[in-house]
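Listed here are the chains, written in short residue letters.
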Amino acid sequence: MTNPAPIMTKRSPAQAIPVFLAFLTMGFADAAGPFVGLAKQQFQLSNFAAQLIAFTGFSMFGILSVPMGVYQDKKGKKFILMLGLAIMLAGVLIPTFAGFSTFPMFLLTVLLMGAGATTLQVAGNPIMRDVSAEGAYSRNLSMAQFVKAIGSLACSVVVVFAKRWFGLDWGVIFPVFSVAAAIALISSTTLHVEGGKPDRSAATLASCIGLLKSGFVFMMVMAIFVYVGAEVSVSANIPLYLKERFGVDIEKLGLLGTGLFFLALTIGRFSGSLVLRWMKPATFLRLTTVLSLIGLAGLFVPSAPVATAAFFLAGLGFANIFPLIFSITVDRMPDDANSLSGLLVMAIVGGAFLPPLMGVVSDAAGSVRTGFLVPMAAIAYIAWVGFSTKHEYSDRKSTRLNSSHIT
């Protein structure tokens, strides 16, 4: 038996505003990437130890995602969305008022930001489906990821401007994050997306994990795992790459490289929401993975202009991989949206594992540039999924399906 449609007044543009603000706040957790170079410099860390910053934040996706998906099935998406915003706000308020004079204190901040982002991802992605018109989920999720990218870009931009123009250190970012998170939390109280209970058994941990028996679901979950790991690895190591290859100061100019990458993500996600009005999601997924590989390959050319262009090109390619994988999967099995959301968001834990692996490769080779082979391998896997999978979804427009059949 399929679920009844969520009870809503109507899908007006105003309903989406709190969701977009939640995605903006969600992007703050991506600061774990830029934080790597800054904290490495401040706390005098090795490459491997610095990558533990990303591990701390993104490990929350592996721990909390599926339990939150199950809890969301009982409490509703709005409640989980507000919970995520509250956790994120708590995380950014700690350094705003107490600072972080020690590395463990800083890791606590990153931990709470990761927990908040995890909870927001579990609720935000399926909520966007609730407020989207028929057939518009993929492009609206790309637009939401565009808004998220603005939150990601904020860290690099604010830190560089605060340092160069006002002589402030990078801790200035946390009061900015606190204000934005508070506004998003207040806005979310006006959200109306669902009512009543589904006429099926509630999701359980066993039912969520059981979905992995589907080869399709397992492949897509792994694609999210390696994609997020690749994105965090690239954003975290751009400043280290620029310092090693071209002697660029991390705090003054190094984050501009990361900012360029996030700017490309932002532009790419906005453009993706337009492209998906006429291109099939599966076709776009194949195209964007090829673009990503070309961009990463450019980092091995010994030229500063080529490296700059490569970071931007890689960002354009990376931009829509996550929303494409997520929307293709959920549109295939809409009745399992909460369970799938928990599984797919759990896969974001890849952001905790691939950066330390990249750090190990970089330390072993004595070169940050060699470490970029790790995200290249990750994107190569996603490209393989996109080109070799012949499932029904690959030739179907992103529309809501009436069947929850798993093959």
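Before reading further, recall that the structure is shown in the block above.
Here's a quick rundown of the structure.

1. Considerations on the overall build of the chain
Scanning the chain from terminus to terminus reveals 17 helices and zero strands. Considering only contacts in the chain between residues 6 or more positions apart, those separated by 24 or more positions represent 84%. Taken as a whole, the chain presents about 15,100 Å² of accessible surface, with 69% of it coming from carbon and sulfur.

2. Comments concerning the pattern of salt bridges
Per the stated rule, a full pass over the model turns up two salt bridges. Between Asp-130 and Lys-77 there is a salt bridge whose closest N-O contact spans 3.1 Å. Here Asp-130, found in helix H5 (residues 103-130), pairs with Lys-77, found in helix H4 (residues 77-98); they are 53 residues apart in sequence, far enough to count as distant. No difference in accessibility class separates Asp-130 from Lys-77, as the two residues are buried. Residue Glu-231 is joined to Arg-269 by a salt bridge in which the shortest nitrogen-to-oxygen separation is 3.5 Å. Of this pair, Glu-231 sits in helix H9 (residues 215-246) while Arg-269 sits in helix H10 (residues 250-275), and the two are 38 residues apart along the sequence.

3. Considering a nonpolar patch on the surface
A cluster of nonpolar side chains, contributed by Phe-48, Leu-52, Phe-55, Phe-353 and Val-360, occupies part of the molecular surface with about 410 Å² of accessible area. Going through the elements one at a time, helix H3 (47-75) and helix H15 (350-365) are the ones with two or more residues in the nonpolar patch. Per element, the largest residue contribution to the nonpolar patch is three residues, and it comes from H3. For Phe-55, the position within the fold is in helix H3.

4. A look at helix H11 (residues 281-297)
The terminal C-alpha atoms of H11, which comprises 17 residues, lie 25 Å apart, in line with the 24 Å expected from a rise of 1.5 Å per residue. When H11 is considered as a whole, its buried residues turn out to be Pro-281, Ala-282, Phe-284, Leu-285, Arg-286, Thr-288, Thr-289, Ser-292, Gly-295 and Leu-296.

5. Notes on the packing of aromatic side chains
If you walk through the whole model with that rule in mind, you get 16 aromatic pairs. Centre to centre, the rings of Phe-174 and Phe-177 are 6.5 Å apart; their planes meet at 90°, and the pair counts as edge-to-face. Taken together, the residues Phe-174 and Phe-177, both in helix H7 (residues 173-188) and three residues apart, mark about one turn of the helix. Among the residues examined, Phe-174 registers a relative accessible area of 0% and is labelled buried.

Reading guide: rules and limits
- Residues numbered from 1 in each chain as written.
- Predicted model: local features only at pLDDT ≥ 70, side-chain atom pairs only at ≥ 80, totals over all residues.
- Heavy atoms only, no water.
- Helix = DSSP H or I, 4+ residues; strand = E, 2+ residues; numbered from the N terminus.
- Contact = heavy atoms within 4.5 Å.
- Areas by Shrake-Rupley, 256 points an atom, 1.4 Å probe, with all protein chains shown as cover.
- Salt bridge = Lys/Arg side-chain N within 4 Å of Asp/Glu carboxyl O.
- Buried < 20%, exposed > 50% of the residue type's maximum accessible area, 1.4 Å probe, protein only.
- Patch = residues over 30% accessible without salt bridge, like charges linked within 9 Å, V, L, I, M, F, W, Y side chains within 5 Å.
- Expected span 1.5 Å × (residues − 1).
- Phe/Tyr/Trp six-rings, centres within 6.5 Å; stacked < 30°, edge-to-face > 60°.

Remember, this is a structural readout, not a statement about activity or role.
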